[in-house]
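Take a look at the letters that make up each chain.
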Amino acid sequence: MDQNVEEIQQNLLKFGCCRVCAVRHLTKPSAINVKTLISASEQDHDEPKRLKENPCIACLGLFQNPQKDDIINKIISYLKTSKYDSDTFNLAFNLPMCTIIRGHSIALYVSKLRITFNPTFPTAFVCAKDAWKLMAEDAIVKATGKRFDVHSPLLVTVGFHYKDIKDECDCLNAIIKLSNKNLQNILSQMDNKDFVSQYGEMPSVPESVIEFKSVDARHESVYIAGRYNKWSRTLSQTPWIVDQERRLESSVEEIISDPIKKRALADEFKFSASGREDIDVRMLGRGRPFAIELVNPKQTKFSYEVLREIENEINTDPQVTVTHLQNVVREQLKELKSGEEFKIKVYKALCYVEGELPDLEKLNNCAPLEILQYTPIRVLHRRANMVRPRTIHSMKAVATKVGIDNGCSFFNVILSTQAGTYVKEFVHGDFGRTNPCLRTVFENDTVDILALDVLDIEIDWPTPVKY
Amino acid sequence: MDKPSVYDFGIDDDSVPPIERSVDITENVPPTVVQRYFESRYATNVNDKPNQDYSVLIHSNNLCILSLASTHVLMGKTIDKIDFQVSGNTDRLSNNMTGKGKRGAQIVQAGSTLCKVHCSDGEEHKILSAIPGKLVQMNSKLADTPNIMLDKPDDLGFIAIVLPQKQRFEKIRDGLLTKEQYTNRNSTV
Ligand SMILES: [Zn+2]
């Protein structure tokens, strides 16, 4: 080792640095080597007499035992018991502000000496967090089988407590506003002389040791998508709650989510779909695309077999069938949402008129049809009153029988519409607020709708699953 | 509808009841949209004026559709023109509001003038609001085809849509005649 560097290191040890901190303050981040750190730590522990009674002036004892091994063990046992199935993990430290201030103070001291010895020597050093992670990584990996990866979706956050933080920060608070955010920047923008005059040449020898406070983890959201059919005319897509009171026992969302919830152990589930059908409308054909965001899930690996198992469990409910269940990534959800606005929807409407059947060809001949549609009265209480142009791309009416003779004539209309078209209103006109409508086309005020099915949402999403 | 084969998943379409068998259809003529979703109420002699009688269709979401009742003074007449400028600075057709809260909508009281009707017989009548609330929509079709107000009162010829204040809704509804009360009243007059 460079003799000057060795000399500074000896000074740091004398001031009360632990050996790990003395080494890392004299190493540039790019030159760090976990073996050097570990051997420094071992050397410390082999010299029990040296300043053993004082916590390190840089790390407040973070690299010293018993704290170091204790914290590592806390992280290990948390990861072992918390059920996260991630193969990797990343670590974040919430260190008390004073460890940053202490690090800055020592860095100033080191660079001052270095300038005397060798003005070209770099002053960057390995910060406490990075050094600690490097040293702890190996033990955690060995004990948990999880790999350390800074890009891991699983972030383990360790919190610390330090008794004397207030006194330490107060002397600087007198001249500058400290905050946890960008503390490093605030300090480096400070005039060095001001800093030293307030804080002193070197950090004081701490009276208490840094303490472990908490370990917690958060996994990035995981997304599951598929398509659903709804066979019931008494089921809403999402829980129907008015004034905190449930109006219906269940919903498509809940029927789909429950078997997934049970397996994913997530904090929260966010259901979204490419539009929605009314409670009394069936969703037939290949179903409606949907996705569920699992927020902070513990179990994230859904194999082909598990997904089929979930489908089977959902599909025991006779009201709903889910197919093509699969893992998707966040970027793929864009398609789901764009489908809500732009894609064509195909419907079948069972309609009737009082008396004789009108000339159905009139309807078959008028598509494509541009209509103007005011916000329907049935949703007007919770939406703005607007008039929107919509396109009916195609229509085909066919007479049908319902097995009842009540003086009415029945017919089915299959129509494909621009997304966002309200089909029930297109049939009866909603007090003339949708125009033209089936009543105006047939010039018959008794045209009305009895039942509606969605036959298709024309989006090829998500990717079909091979069964 | 043919579904793309890539999405085939073996659901037996035959097991899904056809649309005709997926709903109950009554032996009688099925209820109309109005009968299905609205409660029919009436306000008579509004502002203590004889035959200022209105129908109020109350949707399950509390929105109210106002139209002329069959006993309204205008019934049987012919309308020449409807004037929506009800006062110097209030034009019922320029009722601008924003958002789902309908901010900026005109507020009407029970008895407020919604429009003025000029009849072919030279008479002039005010059309009054039967209930208080936010004027959500004035039927602008009445400007070009005023007589639909008389011919199709509960459909194309409605007068206006009014949203009563939530807290006052039940009191307002209970202050109106039920369909039965209205029918009985007409048979005893
Ligand atoms: Zn240290």
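As recorded in an unreviewed UniProt entry, chain B goes by Protein Abitram and comes from Acyrthosiphon pisum.

Within an unreviewed UniProt entry, the label attached to chain A reads tRNA pseudouridine(55) synthase, and the organism entered is Acyrthosiphon pisum.

A.B. asks: Could you give an account of the environment of A:Gln326, with specific residues and numbers?
C.D. replies: All names here are of chain A. Summarising the element assignment, glutamine 326 is placed in strand S10 (residues 320–328). Since its relative accessible area comes to 12%, glutamine 326 is described here as buried. Spatially, the C-alpha atoms of glutamine 326 and tyrosine 223 are 8.5 Å apart, while their sequence positions differ by 103 residues. Sequence-distant contacts of glutamine 326, defined by excluding residues within four places in its chain, comprise Tyr223, Ile224, Ala225, Leu307, Pro462, Thr463 and Val465.

A.B. asks: Can you tell me about the packing of helix H3 (residues 34–46) of chain A against helix H6 (residues 128–144) of chain A, naming the residues and giving the values?
C.D. replies: Residue and element names in this part refer to chain A. H6 packs onto H3 with a crossing angle of 85 degrees between their chain directions and a minimal axis gap of 10 Å. The angle between the axes of H3 and H6 places the two elements in the roughly perpendicular class. Contacts from Val34, Leu37, Ile38 and Ser41 of H3 reach H6 at Ala131, Leu134 and Met135. Along the lines of polarity and charge, the residues of the contact of H3 with H6 split into six nonpolar, one polar and no charged.

A.B. asks: Run through the interface of chain B and chain A, naming residues and quoting values.
C.D. replies: Listed as interface residues are 46 residues of chain B and, on the opposing side, 58 residues of chain A. Where chain B abuts chain A, roughly 4,000 Å² becomes buried across the two surfaces, and 63% of that area is made up of carbon and sulfur atoms. For the pair chain B and chain A, the interface holds three salt bridges. A salt bridge links B:Lys152 to A:Asp445; the shortest N-O distance between them is 3.0 Å. Along the contact surface separating chain B from chain A lie 21 residue pairs in polar contact (both at pLDDT 80 or more).

A.B. asks: Talk me through the sheet that holds strand S8 (residues 113–119) of chain B; I want residue IDs and the actual numbers.
C.D. replies: Residues and elements named next belong to chain B. Strands sit in the order S4-S8-S9 across an open sheet of three strands; the sheet is antiparallel. Lying at the two open borders of the sheet, with one neighbouring strand each, are strand S4 (79–83) and strand S9 (124–128). With strand direction ignored, the average angle separating the axes of adjacent strands in the sheet is 25 degrees. Bridge count for S8 against S9 is five bridges, and the pairing is antiparallel.

A.B. asks: Can you break down the sheet that holds strand S1 (residues 88–94) of chain A residue by residue, with the values?
C.D. replies: Residue and element names in this part refer to chain A. Pairing is mixed across the open sheet formed by four strands, whose spatial order is S2-S1-S3-S4. Unpaired on one side and paired on the other, strand S2 (147–148) and strand S4 (211–219) mark the two borders of the sheet. Pairing of strand S3 (residues 154–161) with S4, which is carried by eight bridges, proceeds in the antiparallel orientation. Directly across from valine 156, in S4, lies its bridge partner alanine 217. Here helix H4 (residues 67–81) sits on the sheet in contact with S1, S3 and S4, set at roughly 30 degrees to S4. Of the strands in this sheet, S1 and S2 touch H6, which is tilted by about 140 degrees from S1.

A.B. asks: Can you tell me about the pattern of salt bridges, naming the residues and giving the values?
C.D. replies: Taken as a whole and assessed by the stated rule, the structure comprises 29 salt bridges over all chains. Here B:Arg41 makes a salt bridge to B:Glu39, at a shortest N to O gap of 2.7 Å.

A.B. asks: Tell me about the nonpolar core, residues and numbers included.
C.D. replies: In terms of nonpolar packing, the biggest core is built from 58 residues, with A:Tyr228, A:Ile256, A:Phe290, A:Leu294, A:Phe411 and A:Leu438 touching the most fellow members. Within the second largest apolar cluster, 52 residues are counted, among which are A:Ala58, A:Phe89, A:Leu95 and A:Val215.

A.B. asks: Give me the coordination of the zinc ion: which residues, what numbers.
C.D. replies: All names here are of chain A. Looking at the zinc ion, the protein donor atoms are Cys18 (SG), Cys21 (SG), Cys56 (SG) and Cys59 (SG), and they sit 2.1 to 2.3 Å from it. What the four donor atoms of the zinc ion show is an angle range of 102 to 120 degrees at the metal, which sorts the shape as tetrahedral. Here cysteine 59 falls in the buried class, since its relative accessible area comes to 1%.

A.B. asks: I'd like a description of the pairing of strand S3 (residues 64–68) of chain B, backed by residues and values.
C.D. replies: Residues and elements named next belong to chain B. Of all the five residues making up S3, five are buried; the element is thus mostly covered by neighbouring parts of the structure. Looking at chain direction, strand S2 (residues 54–59) and S3 are connected through five bridges and run antiparallel. Bridging from a neighbouring strand, leucine 57 pairs with isoleucine 65 of S3. Between the antiparallel neighbours S2 and S3 lie four residues, among them asparagine 62 with a positive phi of about 80 degrees. When S3 meets strand S11 (residues 160–163), the two strands line up antiparallel, connected through three bridges. Its bridge partner lying in S11, isoleucine 65 is registered against isoleucine 161.

Criteria and thresholds
- Residues numbered from 1 in each chain as written.
- Chains lettered and ligands numbered in written order.
- Predicted model: local features only at pLDDT ≥ 70, side-chain atom pairs only at ≥ 80, totals over all residues.
- Heavy atoms only, no water.
- Helix = DSSP H or I, 4+ residues; strand = E, 2+ residues; numbered from the N terminus.
- Buried < 20%, exposed > 50% of the residue type's maximum accessible area, 1.4 Å probe, protein only.
- Contact = heavy atoms within 4.5 Å.
- Axes fitted to C-alpha atoms, helices over the stretch in contact; angles between N-to-C directions.
- Parallel < 35°, antiparallel > 145°, perpendicular 65-115°, else oblique.
- Nonpolar A, V, L, I, M, F, W, Y, C, P; charged D, E, K, R; others polar.
- Buried area = accessible area lost by both parts, 1.4 Å probe.
- Salt bridge = Lys/Arg side-chain N within 4 Å of Asp/Glu carboxyl O.
- Polar contact = N/O pair within 3.5 Å; in protein donor to acceptor, adjacent residues only side chain to side chain.
- Pairing = 2+ DSSP bridges.
- Core = buried A, V, L, I, M, F, W, Y, C linked by side-chain atoms within 4.5 Å.
- Donors = N, O, S within 2.8 Å, 3.2 Å for Na, K, Ca; no water.
- Tetrahedral: all angles 85-135°; square planar, octahedral: opposite > 155°, others 65-115°.

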